[in-house]
Each structure stands twice: as C-alpha cells, then as structure tokens.
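Here are the chains, one letter per residue:
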Amino acid sequence: MSYIKSFIIRNFTSFTYFYRHLRHRIFIAVGLSILVGVLDGFGLAMFLPVLQLADGSTGVDPEGLGNLRFLVDGMAGLGIPLSLLPILGVLCLFFLLKGIMKFIGDSYRVMVQQYFIRRLRLSLVDALNKISFKSFVTSDAGRIQNTMTGEADRVMRAYQFYFRSFEQSILVAVYMGFAFFVDVRFAVLVTVGGILTNLLYQIIYRKTKNASRRLTRDSHAYQGLVIQHVGQFKYLKATGLLHRFGKKLKQSIFDIELNNKKIGIYGALLTAAREPLLIFVVAGVIILQTVVLDAALAPILISLLFFYRALTALIAMQNTWNGYLSVAGSMENMTDYFNDLTEKKEQTGTRSEYTFVKSIELKQASFYYGNTLILKDIDLKVEKHKTTAFVGESGSGKTTLVSMLGGLFRPDQGSMLIDGQDVGDLNLGDFQSRIGFITQDPVIFNDSIFNNVTFWDTDNEEHRDKFWEALRQASVDHFVLGLEEKEDTVLGQNGINLSGGQKQRLAIARELYKYPEILIMDEATSALDSETERDIQKNIDLLKGQYTILIIAHRLSTIRNADRVVMLNQGRIERIGTYQDLVNQSDSFKRMVALQEL
C-alpha cells in the first residue's frame, strides 16, 4: 500500500509539474492517445468475426462475439455485408485510422516536447538573470552550470519518459477494457498475474530513484570542479598541483560512472525480464482456463490478443517509468533550483523614466556577507561628472562599496539614494544599463572586435560611427586599423591574441560605446606595465568631467587628478578629500604614497 501511495503521490506531483508548463496541451496529447488505443481495439476486435468465418462458418454469429457484437450490428445497420472481404475492409479501415491518429499524436508530442524544453530553458535564463548579485556570488557555481546545461537536458528526458509512460498506461486501460468486455474471468486471472510480477519492479524502481538522486548530486560536484579546473588552470599548472586536483576531478567522474552503471543495469534487468514474465503469466492463465476450468478457446484467443497488447504496454510502461525515475532526481533539483532562484530574486522598483542629474548618496549604509560585517555606517555622496577614487588596504571594502554605488548590492542597513530617491523605488536594470564597468581582468568575448565593442549591435553606418568614435576615445583605433581584418578580427577566447593593454583599451571602448552616465574602473590598470598604464591614464583623464567616474586603485599614481579620494579602513570611511588633502592629513595615506615612492 505504501508503494501505491508513493506512486500516486509521485505521479500527481510530476503531472502538476508538467501541467504548470504545458496546460491544455497535456489533455490534447492524452486525447489523441486514447483515440489511438480505441481504434486499435476496434481493429483487433474485428479479428473475431474473421476467425468465425475461417472456421468454415457460413456466416458471422453475433452472439458468439459477446459484448463486441455492436461492431457487426453497426456494419449491418449501415448495409455492409457480414462476409470476409467487407469485414477485412472494416478491419483495415480501423488500423488505417489508428495509423493516422498515431502520426498526428506523435507529431503533436514532438512539438509539445520542444515547446516544453524551450520554455524551461528560457525560464532558467530569466530566473538566473533576476537574482541579486549578493545571492549569485554566494551560490554554488557548479550547481548553476549543471542545472542550466545537463540537468535541463535530463528534465527533457524526464518529460519524454513520463508521457511515454502516461500514453502506455492509457493503452493498458483501453486494452484491459476490451479484454474484460470479451471474457471477464480470463481478464481477472491475467490481471492478478500482472500485479504479482510488479513486485520485482517495485524493488528496481526504488534502487533506480536512489541512484538518480546520487547522480544529480555528483554531477553538481563535477561541474563545480570543472569550473575551478579551467578557471585556475594557470595556477595549478605553475605550482605543479594539476595532478592532485586532477585526482579529485577523476574521482568525481568515477562516482558519476558508478551511478550511471547502476541505472543502466536496473534498466537492462527490466528489459530482459519483460518477455519471460509476459509469457509465463499468459501461458499459466491459458492452462488454467482451458484445462482446469474447461473454457472455450476462441473467445480466449481474442481476449488474449487484447491482453497481450495490454501486458506489452504495461511492461513497456514499467520500463519507461523506470527510465523516468532514472532522471526524476533532475526534476527535483530543477524544482528546488527554481524555488531557490525565486527566493533570491532581486527586489526592484518600477520607475525607469529618470535621469541621473545630481548625485548618488549613501546614508548610514552597512553591508554583511552572512554574519561578517563588510561596510559599516557609510555616509557618502558621489556627485555627477566628478571623479571619485577609493583607496585602502586589501579587505577594507573598496570593491563592495563601489559595487553598492553601482547597484550590485543593496545596503543591509541604512539607505541609498539617487537624486534623493530611494534606490528601492527605481528599476535597477535600467539604472545599471547606464553604467560602464571595467575590471582588472577585462571581459573579452570570443568574437570580432566590432561585436566585442558594440555588444552585437546591428552592423550599420550609425553603429559603425559610434564604434570608431569609442575606439578613438580609448586610443585603440590605430591598433585596430593596423590589423589585417580590422574590426572583423576575431579575438579568441578571453582575448588570447591581445596584450593586456590592448584588452584594457577595448574594454574601455565597449563601455564608452554605451555612452554611460557612470564609469566604474575596478583596479583597471593594476596588472599593466607602467608605460601602458600611463597611456590609459591619459585616456581616463581626458574623460574627466564628461562622466561620473568611480576608480578603485592600488596604484595611487592613477588617482592624482581625482576630484575626491575616499580612504577606507576596515569597512569604514577614514577620510575624504583631494589627493593632496589626504597626503597632508592622513598618516595612513601618506604611508601608502611613500611605499609607492610617489
């Protein structure tokens, strides 16, 4: 009983999951499956009058057809002779109609399947894009990648298995109905035999389900290790640790292999046992009916035909249901993942028709990662078209503070105002679209220079003019013109074909192409040589007064001309002033200047 209860609950949960995505499409697919089963049943039933005529009878005996006599009564009512050729014609008609309905049903199921996976993948992208940045940086990267790729494909397979099982269960019900119509006693006996064989499947279902859950867990771990292996390859290679890390990665592969083997072996056992179990049940019931109960063989043969179809569909359903269970763990993970993303969804206002006019202001703003305090009681006003630099020791909160000003983080305490309006009332996506962001490691896509800078804008005259103007402002136009394919040059993975300075200039050009209101530079020149840094710094100085510029800098030479310098210490603002003010008033800043020999 517990198994039946578990089966019903799982079936209802799965049906509800798919119904949320597919709605009425499920019922259309079910209706077509029922129609196929009914037409197949009618076609099989027409073999009974054929058997009567094959025995040498002069005509069809409607009484000998039992509950199926309505078929020949219908033929007689339509004036169709009850002879061999017309009966065979009707039989062929039923199977022709079944074939047509089968084609329509299978074609419709393919379209619904593609609709489902498209909707699922689009929902994943939308849900991920809507989570807060704070939630993203604390999430499991392996789980995100595995769910967006491998798990999405496994959920599609779950859909295929589930509805194949659903369709086969409908066929079982239709064929069983016909079998009971023909011979109730024979039908009851075969049904009992079928229930007894299901004991084996219960054990295998349970083992398959457990293996599926372990497979999902191990796949998350594998994807996380792959991300780290690729992202930290340089360090692992340089320090001779690739082998040790590779052992962890290989063990993860072995774990996945073990669970896949178990799932495959359980499926093979079900497939191998199908025919023997089917034959044993049918043979036993025939012997019981004809030898023990002395029943006539002719009605049994037709009932047997229905039951053979029903048992075949039942065992096929059991196999496909086991296939469904083998990937059902991915559905559970997908549901949990969506719920997790929903809980982490960034709350944003609706007002988008505004322009940054005066200032961005933080009032008594504090920020935590878990229980760890990162920023404490920050009072700061950033004025439009001013250049503000942020300095301090590593871990002082510079990047977090600038990220907050850029809308990536919300204060856990206190408030953030844009032109006097709380940031919670504004559409953050619209606000962030007006921000240019340049990091120490510039983002370069494996595409042409034009697409990198324009972010795949349409290639037309207007966008090309903007493109070349952005290159000129970033002092990288001469470099691009000197390339053989110019703006159509493909840059390679992460700009492998470029020097550090070239990548940085192209990253600046991309942000300038957007005409941003705010330009954030997060240690954008710290990894460059002095000459390249000096050239880029000249470009930045030329932008002063045109943009609101926020600079995080380790090299203090890059912020000499900033309008204001914010000195941070252990998550608090220690002092604010011009570069020279801090040299004169802050011992900490003075020591930093001395260490860099400025």
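Just so it is clear, the model here is predicted, and its values are computed rather than measured. Residue indices begin from 1 for each chain and proceed along its sequence in written order. Local features are withheld for residues below a pLDDT of 70 in this predicted model, meaning they are given only at 70 or higher, and side-chain atom pairs are given and counted only at 80 or more; totals for whole chains, interfaces and linings count all residues. By convention in this description, side-chain values take in all heavy atoms of the structure and omit both hydrogens and water.

Participant: Tell me what's going on with the overall build of the chain, and back it up with residues and numbers.
Facilitator: Here a helix means four or more residues in a row that DSSP labels H or I, a strand means two or more in a row labelled E, and each is numbered from the N terminus. Of the regular secondary structure elements, the chain holds 20 helices and ten strands. Long-range pairs, those at least 24 residues apart, make up 76% of the contacts in the chain with a sequence separation of at least 6. In this description, contact between two residues means that some pair of their heavy atoms is separated by no more than 4.5 Å.

Participant: Describe the packing of aromatic side chains, listing the residues and the values that go with them.
Facilitator: Any aromatic ring pair is given by two values, namely how distant the centres are and how the planes are angled relative to each other. In summary, the pairing rule links any two rings of Phe, Tyr or Trp, Trp by its six-membered ring, whose centres are within 6.5 Å, and it sorts them by plane angle into stacked for under 30 degrees, edge-to-face for over 60 and tilted for everything else. Taken as a whole and assessed by the stated rule, the structure comprises 21 aromatic pairs. With 5.2 Å between their ring centres and 35 degrees between their planes, Phe18 and Tyr162 make a pair best called tilted. Taken together, the positions of Phe18 in helix H1 (residues 2-22) and Tyr162 in helix H7 (residues 141-182) put the pair 144 residues apart, joining distant regions of the chain. In this pair, the class of Phe18 matches that of Tyr162, namely buried. When the ring of Phe367 is compared with that of Tyr369, the centres are 5.3 Å apart and the planes differ by 80 degrees; the resulting orientation is edge-to-face. Classification of residues uses two cut-offs on accessible area relative to the type maximum, computed with a 1.4 Å probe and protein chains only: under 20% is buried, over 50% is exposed, and between them is partly exposed.

Participant: Which residues make up the pairing of strand S2 (residues 372-383), and what values do they have?
Facilitator: Taken together, the eight bridges between strand S1 (residues 359-369) and S2 define a ladder with antiparallel strand orientation. Following the sheet pairing, Tyr368 is matched in S2 by Leu373. For two strands to pair, DSSP has to find at least two bridges joining them. The turn joining S1 and S2, which pair antiparallel and follow one another in sequence, is formed by two residues; a positive phi near 65 degrees is taken by Gly370.

Participant: If you had to explain the layout of surface pockets to someone new, which residues and values would you point to?
Facilitator: The calculated volume of the largest pocket comes to roughly 1,100 Å³. We place a 1 Å grid over just the protein atoms. Points where a 1.4 Å probe fits but has no way out form a cavity, open points with protein on both sides within 12 Å along at least 5 of 7 lines form a pocket, and any residue with an atom within 4 Å of a point lines it. Along the walls of the largest pocket sit 30 residues, with Asn129, Phe133, Phe136, Leu408 and Gln432 positioned nearest its centre. Looking at the lining of the largest pocket, the elements that each hand over two or more residues are helix H5 (84-130), helix H6 (133-137), helix H12 (398-405), helix H13 (428-432), strand S6 (435-439) and strand S7 (518-522). Residue polarity follows a fixed list, in which Ala, Val, Leu, Ile, Met, Phe, Trp, Tyr, Cys and Pro are nonpolar, Asp, Glu, Lys and Arg are charged, and the others, Gly among them, are polar. Each residue belonging to the lining of the largest pocket can be placed in one class, and the counts come to eleven nonpolar, 13 polar and six charged. Grid points are joined across faces, edges and corners, and a volume is the space filled by probe spheres set on the points.

Participant: A description of the pattern of salt bridges should follow, citing residues and the corresponding values.
Facilitator: Charged atoms that come close allow side chains of opposite charge to pair. Salt bridge, as used here: a side-chain nitrogen of Lys or Arg that lies within 4 Å of a carboxyl oxygen of Asp or Glu. Inspection of the entire model under this criterion finds 15 salt bridges. For Asp153, the salt bridge goes to Arg121, with nearest N and O atoms at 2.5 Å. Of this pair, Asp153 sits in helix H7 while Arg121 sits in helix H5; the two residues are 32 residues apart in sequence, bridging distant segments of the chain. Through salt bridges with shared partners, a single ionic network connects Lys102, Asp106, Arg109 and Glu167.

Participant: Lay out the nonpolar core in plain terms, naming residues and giving numbers.
Facilitator: Put simply, buried Ala, Val, Leu, Ile, Met, Phe, Trp, Tyr and Cys residues joined by side-chain atoms within 4.5 Å make one nonpolar core. In terms of nonpolar packing, the biggest core is built from 65 residues, with Tyr17, Phe18, Leu22, Met46, Tyr324 and Met334 touching the most fellow members. Listing elements by their share of this core, those giving two or more residues are H1, helix H2 (24-45), helix H3 (47-54), helix H4 (69-77), H5, H7 and helix H11 (297-343). Counting 40 residues, the second largest nonpolar core, distinct from the first, contains Phe450, Phe467, Ile508 and Ile540.

Participant: Quick rundown of the sheet that holds S6? Include the residues and the values.
Facilitator: Backbone-to-backbone hydrogen bonds pair the strands of a sheet. The strands run either parallel or antiparallel. Read across the sheet, six strands follow the order S6-S7-S8-S3-S9-S10 without closing on themselves; strand pairing throughout is mixed. Bordering the open sheet on either side are S6 and strand S10 (572-577), each of which pairs with just one other strand. Put simply, the sheet's adjacent strands are angled 15 degrees from each other on average, direction ignored. Here five bridges tie S6 to S7, and the two strands are oriented parallel to one another. From the neighbouring strand, Ile435 faces S7, where its bridge partner is Ile518. Across the sheet, H12 lies against strand S3 (387-392), S7, strand S8 (548-552) and strand S9 (564-569), angled at about 150 degrees from S3, the strand it touches most. Packed onto the sheet, helix H17 (residues 500-513) meets S6 and S7 and runs at close to 170 degrees relative to S6. To get an axis, fit a line to the C-alpha atoms, keeping to the stretch in contact for a helix; angles then go from 0 to 180 degrees between the N-to-C directions.

Participant: Before we move on, can you summarise H17 with the specific residues and values?
Facilitator: Helices are assigned an expected span. That span is 1.5 Å times one less than the residue count. Between the first and last C-alpha of H17 there are 20 Å, a value that for 14 residues agrees with the 20 Å anticipated at 1.5 Å per step. Judged by how many residues are buried, H17 sits mostly within the fold: twelve of 14 residues are covered. Taken together, the buried positions of H17 are Gly501, Lys503, Gln504, Arg505, Leu506, Ala507, Ile508, Ala509, Arg510, Glu511, Leu512 and Tyr513. In the stretch just after H17, Tyr515 is the one whose phi turns positive, near 55 degrees.

Participant: Lay out a nonpolar patch on the surface in plain terms, naming residues and giving numbers.
Facilitator: Each patch is built from salt-bridge-free residues with over 30% relative accessible area, joining like charges within 9 Å and nonpolar side chains (Val, Leu, Ile, Met, Phe, Trp, Tyr) within 5 Å. Accessible surface is estimated by sampling points in the Shrake-Rupley manner with a 1.4 Å probe; for residues, cover comes only from the protein chains shown. On the surface, Leu93, Leu96, Leu97, Ile100, Phe103 and Ile104 cluster together into a nonpolar patch covering about 550 Å² of accessible area. Secondary-structure assignment places Ile100 in helix H5. Assessed through its relative accessible area of 39%, Ile100 is described here as partly exposed.

Participant: Which residues make up the packing of H2 against H5, and what values do they have?
Facilitator: Remark: H2 packs on H5, axes separated minimally by 8 Å, with the N-to-C direction vectors making an angle of 160 degrees. Taken together, the axes of H2 and H5 are roughly antiparallel relative to one another. Along this stretch, H2 crosses H5, giving a crossing that reads as left-handed. In this structure, H2 contributes Arg25, Ile28, Ala29, Leu32, Leu35, Val36, Leu39, Asp40, Phe42, Gly43 and Leu44 to the contact, and H5 contributes Leu91, Phe94, Phe95, Leu97, Lys98, Met101, Lys102, Ile104, Gly105, Tyr108, Val112 and Tyr115. Residues that form the contact of H2 with H5 fall into these classes: 17 nonpolar, two polar and four charged. Reported orientations rely on four angle classes, namely roughly parallel under 35 degrees, roughly antiparallel over 145, roughly perpendicular from 65 to 115, and oblique for the rest. Take the far helix as your reference; a near helix turned counterclockwise from it by less than a right angle gives a left-handed crossing, and one turned clockwise gives a right-handed crossing.

Participant: Just give me the short version of the sheet that holds S2, but keep the residues and values in it.
Facilitator: Taken in spatial order, the four strands line up as S2-S1-S4-S5 in an open sheet, and their pairing is antiparallel. The sheet is open, and its two borders are formed by S2 and strand S5 (421-422), each paired with just one other strand. Sheet topology note: the strand S4 (residues 413-418)/S5 ladder contains two bridges and is antiparallel. Looking at the pairing, Ile418 lines up with Gln421 of S5. The strands touched by H12 within the sheet are S1, S2 and S4, with S2 carrying the most contacts at an inclination of about 55 degrees.

These figures come from the coordinates and say nothing about function on their own.
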